Amino acid sequence: MTYINVGDMAKEGELYDGFDEEYDCPILDEDRVIDELEDKMSEGGVIVDYHGCDFFPERWFHIVFVLRTENSFLYDRLESRGYKGKKLQDNIQCEIFQTLYEEAVLSYREEIVHQLPSNTPEDLERNLDQIMQWIEQWMKDNN
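Only a predicted model underlies this, so the values are computations on that prediction, with no experimental measurement involved.

1. A closer look at the overall build of the chain
And then number 1: From N to C terminus, the chain includes six helices and six strands.
And then number 2: Taken from the N to the C terminus, the helices and strands of the chain come in the order β-α-β-β-α-β-β-α-α-α-β-α.
And then number 3: Rg of the C-alpha trace for the chain: 16 Å, near the compact-globule value of 15 Å for 143 residues, within the 12% margin.
And then number 4: Counting only residues that meet the buried cut, the chain has 31% of its 143 residues in that class.
And then number 5: Within the chain, contacts between residues at least 6 apart in sequence are counted, and of these 58% link residues at least 24 apart.

2. Some thoughts on the nonpolar core
Among soluble globular proteins, nonpolar side chains are generally buried collectively.
And then number 1: With 24 residues, the main nonpolar core has Val33, Leu37, Phe56, Phe61, Val64, Tyr108 and Val113 as its most contacted residues.
And then number 2: At the level of secondary structure, the elements contributing two or more residues to this core comprise helix H1 (6–13), helix H2 (30–43), strand E4 (46–49), strand E5 (64–68) and helix H5 (99–107).
And then number 3: Ranked by residues supplied to this core, first place goes to H2 with four residues.
And then number 4: Excluding its chain neighbours within four sequence positions, the residues that come into contact with Phe61 are Met41, Val48, Phe56, Tyr108 and Ile112.

3. Overview of the packing of aromatic side chains
And then number 1: Across all of its chains, the model carries eight aromatic pairs by this definition.
And then number 2: Each ring, one from Tyr50 and one from Phe55, has its centre 6.0 Å from the other, and the planes form 80°; the classification is edge-to-face.
And then number 3: Judged by its relative accessible area of 25%, Tyr50 is partly exposed.
And then number 4: Geometrically, the ring pair formed by Trp60 and Phe61 is edge-to-face, given 6.3 Å between the ring centres and 70° between the ring planes. In terms of burial, Trp60 and Phe61 fall into one category: buried.
And then number 5: Chaining the aromatic ring pairs together yields one cluster made of Tyr50, Phe55, Phe56, Trp60, Phe61 and Tyr108.
And then number 6: For Lys87, the ring lying beneath its charged end belongs to Tyr83, and the centroid distance is 4.4 Å.

4. Topic: the pairing of E5
And then number 1: Here E5 shows a clear split, with Val64, Val66 and Arg68 buried on one side and none of Phe65 and Leu67 buried on the other.
And then number 2: The pairing of E5 with strand E6 (residues 113–117) spans five bridges and is classified as parallel. Counterpart to Leu67 in the pairing with E6 is Leu116.

5. Points about the environment of Gln115
And then number 1: Inspection of the secondary structure assignment puts Gln115 in strand E6.
And then number 2: Sequence separation of Gln115 and Arg32 is 83 residues, and the distance between their C-alpha atoms is 28 Å.
And then number 3: Here Gln115 is in contact with Val66, Arg68, Gln98 and Tyr101, once residues within four sequence places are set aside.
And then number 4: Among the polar contacts made by the side chain of Gln115, one reaches the side chain of Arg68 at a distance of 2.6 Å.

6. Digging into H5
And then number 1: Along H5, the positions that sit buried rather than exposed are Tyr101, Glu103, Ala104 and Ser107. Buried residues in H5, looked at end-on, bunch into an arc of 160°, giving them a common side.
And then number 2: In the core, the buried residues of H5 are packed alongside E5 and E6.

Procedures and definitions
In this numbering scheme, every chain counts its residues from 1 along its sequence in written order. For this predicted model, a pLDDT threshold of at least 70 governs which residues receive local features, and a threshold of 80 or more governs which side-chain atom pairs are given and counted, while totals over whole chains, interfaces and linings are taken from all residues. The side-chain numbers reported here are obtained from all heavy atoms of the structure, hydrogens and water having been left aside. Strands here are runs of E lasting at least two residues and helices are runs of H or I lasting at least four, both read from the DSSP assignment and numbered beginning at the N terminus. The reference for a compact globule is 2.2 Å times residues^0.38; the radius of gyration itself is calculated from the C-alpha atoms. Per-residue accessibility, obtained with a 1.4 Å probe over protein chains only, is compared with the maximum for each type, and a residue is labelled buried under 20%, exposed over 50%, and partly exposed between these values. Whether two residues touch is decided by their heavy atoms; if any such pair falls within 4.5 Å, the residues are in contact. We call a set of buried Ala, Val, Leu, Ile, Met, Phe, Trp, Tyr and Cys residues a nonpolar core when their side-chain atoms join them within 4.5 Å. Pairing of aromatic rings covers Phe, Tyr and the six-membered ring of Trp, with a centre-to-centre limit of 6.5 Å; geometry is then stacked below 30 degrees between planes, edge-to-face above 60, and tilted otherwise. Here, over-ring charges are defined by two tests on the NZ atom of lysine or the CZ atom of arginine: distance to the ring centre within 6 Å, and angle to the ring normal within 35 degrees. Each pair of strands is called paired provided DSSP finds at least two bridges between the two strands. Between N or O atoms, a polar contact is any pair within 3.5 Å; within protein, one atom must be a potential hydrogen donor and the other a potential acceptor, and residues adjacent in sequence are included only when both atoms are from side chains. The directions from the helix axis to the C-beta atoms are what the arc is built from.

Functional significance is not addressed by these values, which are geometric in nature.
Here's what the structure looks like:
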């Protein structure tokens, strides 16, 4: 099993296509990310961690987990990371309107998309347990 954090991979490989002044962050070059991941994904056994999914090919995934956070937790979390102004407000609105969940449902078969709460350290532990149980069951069913 291999874990890939796309944000870290993009930073290490400089997989960017410019800089967004309004959001004060680099713009991900999605085509280069796909090219970078293609061989790894074809081997299987890869967990991909990123805050969006609509540019990843459907064939890559057997299950998609969308982490959800209540706004009171999310605001403090993002503010502690230095988010402010439009970037902070847009991220909060994205959660309110379930933008990433809808993106996932539109990009993949609905039955493989699951929402998990991500508010507390206890949620993190439960999510890890649930994901590991799913992986173990999938391996039993497919080997």
